[in-house]
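Chain by chain, the residues run as shown.
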Amino acid sequence: MLENLKLFLMIVEKGTLSAAGRELGLSPASVSERLMALESYYKATFLTRTTRSLSLTEEGRIFAIGARRLLAEADELESRIKSGTQIISGPIKITAPVDLGQTRIVPILDRFLASHPDVTIDLNLTDSFVDLVSQGVDFAIRYGIFSNTTLKAKPIGENRRLICGSPDYLNRKGIPLHPDDLLNHECIMMRFTQGIERIWSFQNHGAPYAISVNGQRTTNNGQLIKQWALQGHGLCKKSIWDVEADLACGRLVEVLAAYALSPTALHFVYSPAPVQPRRVTKLIDVIAHELAKSYANS
């Protein structure tokens, strides 16, 4: 049964029966037969099939969550019996924002892997939303307000955000002294799944103050936003962690510091399985501890 659960999750992750079969060394006919046996046993349709893709039904999504929980429990049991309580092993799949991932998360992962050579990491750096269930992600690190009732979240802390630009840009366009001055500036905007972040929020004498900005450049990649700012194409809104080194050496200059932006929350987000493999909980604890030190120093 466990092998069929693994097969089902591989189908969901790869998106096709043939791709899942290639990954596991099974023929398409064998994959199809085992999937049909699962659906027949549970008397439910788990996947909607078209000529081009597969998608989870609601029953399939519930089954995928349950399958991951059962496999995690089996994996945890095997790990404890075979390796004792001090050794952790196995794969961990993570997703995180591009800039935060490269500047803060990757160094933590490198140290973690050095300490735990039996663990493997699959890291997806993206500023877009990732469906944790269908992609088989153990946990995500995400900015913003958490409102998804089908997932769980663990707060990490709040991150200061700021407006900055290159010295060249500020010499050409002038330094904004009030948020309203942004109306006369090129603002490099971030596009999220829900839309373009045109509204930049500030604090003016303790009260919220919002400005709708514009500019020639919009992207869904936070690293490119910083690159464009460094090249003098406009002002950007970034996490202090993403631009700390650039500010320190003068490649970027903070503006409008007197109108500090509202901080942005950072969370671990994961599926609501009651059991997480020890390797996953251990890594979450390590990242939380390391980022807490970064908060204290920012």
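Along each chain, residue indices are assigned from 1 in the same order as the chain's sequence is written. Local features in this predicted model are restricted to residues whose pLDDT is 70 or higher, and side-chain atom pairs enter the listing and the counts only when it is 80 or higher, whereas totals over whole chains, interfaces and linings include all residues. As a rule here, side-chain values cover all heavy atoms of the structure and leave hydrogens and water aside.

The relation between two aromatic rings is expressed through the spacing of the ring centres and the mutual angle of the planes. Between the rings of Phe, Tyr and Trp (Trp by its six-membered ring), a pair exists once the centres lie within 6.5 Å; its type follows the angle of the planes, with under 30 degrees stacked, over 60 edge-to-face, and the other angles tilted. A complete count under the given rule lists seven aromatic pairs for this structure. An angle of 10 degrees between the planes, with centres 4.3 Å apart, marks the rings of Phe-46 and Phe-63 as stacked. One end of the pair, Phe-46, is in the loop between helix 3 (28-42) and strand 1 (47-49); the other, Phe-63, is in helix 4 (residues 58-83), with 17 residues separating them in the sequence. For Phe-46, a relative accessible area of 2% corresponds to the buried category. Burial here depends on accessible area, computed with a 1.4 Å probe over protein chains only, as a share of the maximum for the residue type. Under 20% is buried, over 50% is exposed, and the range in between is partly exposed. Taking the relative accessible area as the measure of exposure, Phe-63 reaches 11% and is therefore buried. Members of the aromatic cluster, connected to one another through ring pairs, are Phe-8, Tyr-41, Tyr-42, Phe-46 and Phe-63. Note on criteria: charge over ring means Lys NZ or Arg CZ within 6 Å of the ring centre, with the direction from the centre no more than 35 degrees off the ring normal. Sitting over the face of the ring of Tyr-143, Arg-161 holds its NZ or CZ atom 5.2 Å from the ring centroid. Secondary structure elements follow DSSP: runs of H or I no shorter than four residues count as helices, runs of E no shorter than two count as strands, and numbering proceeds from the N terminus.

Turning to the sheet that holds strand 4 (residues 119-125), a few remarks are in order. Across the sheet, which stays open at both edges, the five strands sit in the order 4-3-5-15-6 with mixed pairing between neighbours. Either end of the sheet is taken by a strand with one partner, and the two such strands are strand 4 and strand 6 (152-159). On average, each strand axis in the sheet is tilted by 20 degrees relative to the strand beside it, whichever way the strands run. Across seven bridges, the pairing between strand 3 (residues 90-96) and strand 4 is parallel. Whether two strands pair depends on DSSP finding at least two bridges between them. To define axes, lines are fitted to C-alpha atoms, for helices over the stretch in contact only, and angles between the resulting N-to-C directions are given on a 0 to 180 degree scale.

What follows deals with unusual backbone geometry. Within the chain, Lys-43 stands out as a residue other than glycine whose phi angle is a positive 55 degrees. Tracing the backbone through its elements, the reader meets Lys-43 in the loop between helix 3 and strand 1. Relative accessible area serves as the criterion here: at 74%, Lys-43 is assigned to the exposed category. The residue Leu-256 is not glycine, and still its phi comes out positive at about 60 degrees. Considering the arrangement of structural elements, one finds Leu-256 in the loop between strand 14 (253-255) and strand 15 (264-270). On the basis of relative accessibility, which here comes to 7%, the residue Leu-256 falls in the buried class.

It is worth spelling out the packing of helix 5 (residues 98-115) against helix 8 (residues 222-230) at this point. Here helix 5 crosses helix 8 at 85 degrees, and the two axes come no closer than 6 Å. In this view, helix 5 runs roughly perpendicular relative to helix 8, as classed from their interaxial angle. The residues of helix 8 that touch helix 5, namely those facing Val-98, Asp-99 and Gln-102, are Gly-222, Gln-223 and Lys-226. Note on residue categories: nonpolar means Ala, Val, Leu, Ile, Met, Phe, Trp, Tyr, Cys or Pro, charged means Asp, Glu, Lys or Arg, and polar means any other residue, Gly included. Residue classes in the contact of helix 5 with helix 8 are distributed as one nonpolar, three polar and two charged. Angular relationships are summarised with four words: roughly parallel below 35 degrees, roughly antiparallel beyond 145, roughly perpendicular across 65 to 115, and oblique for the angles in between. Contacts were defined at the residue level, with two residues in contact if any of their heavy atoms lie within 4.5 Å.

Time to look at the packing of helix 1 (residues 2-14) against helix 2 (residues 17-24). Two elements in contact, helix 1 and helix 2, have axes separated by 8 Å at closest approach and are oriented at 125 degrees. For the element pair helix 1 / helix 2, the angle class is oblique. Considering the relative orientation of helix 1 and helix 2, their crossing is right-handed. Contact residues: helix 1 offers Leu-7, Met-10, Ile-11 and Lys-14, while helix 2 offers Leu-17, Ala-19, Ala-20, Glu-23 and Leu-24. Here the contact of helix 1 with helix 2 is composed, by residue class, of seven nonpolar, no polar and two charged. Two helices cross in a left-handed way if the nearer one is turned anticlockwise from the farther one by less than a right angle. They cross in a right-handed way if the turn is clockwise.

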